[in-house]
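Results of the structural survey
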Amino acid sequence: MKILVTGGAGFIGSNFIRHILATGKDYSVVNYDKLTYAGNLENLASVADNPAYLFVKGDICDAGHVEAAMRDCSAIVHFAAESHVDRSIYAPRSCVETNVTGTLVLLETARKLGVARFVHISSDEVYGDMFPEMFAGEDSPLRPSSPYSASKAGADLLVQAYVRTYGFPAVITRSSNNYGPFQFPEKFLPLMISRALDDKPLPIYGAGEEQRHWLHVEDHCRGLLLVLERGQIGEVYNLGGTDIERNIAVARKLLRILGKPESLISFVQDRPGHDRRYALRRDKIEKDLGWKPRIPLEDGLWQTINWYQDNAEWLSKVRGGEYQSYYERYYGNRDSSLLEIARSKPQPS
Ligand code: NAD
Ligand code: DAU
């Protein structure tokens, strides 16, 4: 089966492509990616020469180019997105263009070409804040808080409208916060790991009391393959993680693993509209497809930290160029105030 994977040079997409090609099944992959700041072909160096793998550089908003890449593919797994909440707050337009308009272009093209299966990768963020003890089920209302989550919810609604109106063969997955190898260091865990490795302050928003439902990317990819192979058309599947944990607790855990002092923790101005808690019910996918995440956060953290330590060159390359200017632009002031705070505290031993 020939599959078009969009956004395959990003964090989850590249893990998924390596996962699917390692199954030994009869899959071939076309990786269609614009290579934004978040796309990195080095994530796929291990499969670059695999005859079942082809990279095509392109934008999902470009209908003509999408059609050429999609031809002969019988399934689409759609990861491509502007995926970072903070960036969406500063630059909502590109987020809506890629996440909503880009998804519309893919749906239209797939419908025109008669693609047999379309797996749309969405997020638990579309459900918005969960109160303590609350868990989102697939039928919970969509209450997005940020431009990012609103654009993901918009895309989900378009996919559902295509299923209902055109009988389009789509399935939606909504997963919780992923972590693991090859994650771009703007997201919480790789940002904190990379800064702790450099003995730099860890910028924790607010009081660090927000909770995220952590899912190792290998568990996620295993679940996505099951959805691709056996998910019911028209259904939504939540892929919830193993551990629901406060940000501050995760930061402390990783400092303990790295043997770094807690004085590196620095509380900074909160994210506007910050969702307090995400928590997903995953009984549907457990019952229907027999999927459960297997890697507890403690084990996954050790493995991820080791990966970033062993891949210092990868990290240093992705932290060059655009990353530097992004960090200056969005975190510059915070960083200097962080440095002031850090200076007034005991220095790391
Ligand atoms: P990422 O930012 O690491 O990768 C996104 C990829 O999409 C990049 O390779 C980028 O170059 C590509 N891309 C962006 N705009 C494009 C465009 N217009 N045309 C073609 N390619 C484009 O993202 P990720 O963390 O791997 O997330 C992948 C998907 O999973 C996204 O849809 C995201 O919303 C969803 N998701 C992510 C998480 C998470 O914790 N990271 C959790 C749930 C859902
Ligand atoms: O829940 C799924 C979502 O998880 C995905 O849909 C998104 O694509 C993905 O980016 C992620 O969104 P979050 O906003 O939860 O992830 P982020 O890594 O940006 O932040 C995780 C938590 O850490 C959140 O509560 C904000 C906090 N945080 C983040 C950063 C970058 C900090 O305290 N400091 C920081 O510098």
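These remarks concern the structure in this document. (Residues numbered from 1 in each chain as written. Chains lettered and ligands numbered in written order. Predicted model: local features only at pLDDT ≥ 70, side-chain atom pairs only at ≥ 80, totals over all residues. Heavy atoms only, no water.)

The next thing to look at is the overall build of the protein chain. Of the regular secondary structure elements, the protein chain holds twelve helices and twelve strands. Computed over the C-alpha atoms, the radius of gyration of the protein chain is 20 Å, within 12% of the 20 Å expected from 2.2 N^0.38 for a compact globule of 349 residues. A principal-axis box enclosing the C-alpha atoms of the protein chain has dimensions of 65 × 45 × 35 Å. Buried positions account for 56% of the 349 residues belonging to the protein chain. Per element, the accessible surface of the protein chain, about 14,600 Å² overall, is 51% carbon and sulfur. Measuring between centres, the 41 positive side-chain charges of the protein chain sit 1 Å from its 44 negative side-chain charges. (Helix = DSSP H or I, 4+ residues; strand = E, 2+ residues; numbered from the N terminus. Rg over C-alpha atoms; globule rule 2.2 N^0.38 Å. Buried < 20%, exposed > 50% of the residue type's maximum accessible area, 1.4 Å probe, protein only. Areas by Shrake-Rupley, 256 points an atom, 1.4 Å probe, with all protein chains shown as cover. Lys, Arg positive; Asp, Glu negative; His and termini not counted. Charge placed at Lys NZ, Arg CZ, Asp CG, Glu CD.)

What follows deals with the site of ligand 2. Looking at ligand 2, there are 24 residues lining it, with Ser123, Asp124, Glu125, Tyr148 and Arg271 nearest. At a separation of 2.4 Å, an oxygen atom of ligand 2 approaches a polar side-chain atom of Asp124. Surface burial for ligand 2 is 95%, taken as the share of its 690 Å² of free accessible area covered by protein chains. Looking at the shell around ligand 2, the elements with two or more residues in it are helix H3 (85–90), helix H6 (188–197) and strand S8 (202–205). Per-class residue counts for the shell around ligand 2 are ten nonpolar, six polar and eight charged. (Near = heavy atom within 4 Å. Polar contact = N/O pair within 3.5 Å; in protein donor to acceptor, adjacent residues only side chain to side chain. Nonpolar A, V, L, I, M, F, W, Y, C, P; charged D, E, K, R; others polar.)

Turning to the sheet that holds strand S4 (residues 75–78), a few remarks are in order. Taken in spatial order, the seven strands make up an open sheet running S3-S2-S1-S4-S5-S6-S10, and their pairing is parallel. The sheet is open, and its two edges are formed by strand S3 (53–57) and strand S10 (236–239), each paired on a single side. Recorded for the sheet is a direction-independent mean angle of 20° between the axes of neighbouring strands. Relative to S4, strand S1 (residues 2–6) is paired through four bridges, and the arrangement is parallel. If you follow Ile3 over to S4, its bridge partner there is Ala75. Docked against the sheet, helix H7 (residues 217–230) engages S1, S4, strand S5 (117–123), strand S6 (170–175) and S10, running at close to 145° with respect to S5. (Pairing = 2+ DSSP bridges. Axes fitted to C-alpha atoms, helices over the stretch in contact; angles between N-to-C directions. Contact = heavy atoms within 4.5 Å.)

Here we come to the site of ligand 1. Neighbouring ligand 1 are 28 residues; Ile12, Asp33, Ser83, Tyr148 and Lys152 lie closest to it. One nitrogen or oxygen atom from the main chain of Leu35 is found 3.5 Å from an oxygen atom belonging to ligand 1. Tyr148 places a polar side-chain atom, nitrogen or oxygen, 2.6 Å from an oxygen atom of ligand 1. Out of a free accessible area of 830 Å², ligand 1 has 97% covered by protein chains.

Moving on, we come to the sheet that holds strand S9 (residues 211–216). Ordered by their spatial adjacency, three strands build an open sheet running S7-S9-S11, and the pairing between neighbours is mixed. Either end of the sheet is taken by a strand with one partner, and the two such strands are strand S7 (178–179) and strand S11 (243–246). Where S9 meets S11, four bridges bridge the pair, whose relative direction is antiparallel. Note on S11: the bridge partner recorded for Gln211 is Arg246.

Right, let's get into the pairing of S6. Among the six residues of S6, six are classified as buried, and the element is accordingly described as predominantly covered. The alternating pattern of S6 places Ala170, Ile172 and Arg174 on one face and Val171, Thr173 and Ser175 on the opposite face, and all of these are buried. Note that S5 and S6 share six bridges and pair parallel. Paired with Ser123 across the bridge in S6 is Ser175. The pairing of S6 with S10 spans four bridges and is parallel. Its bridge partner lying in S10, Ser175 is registered against Leu239.

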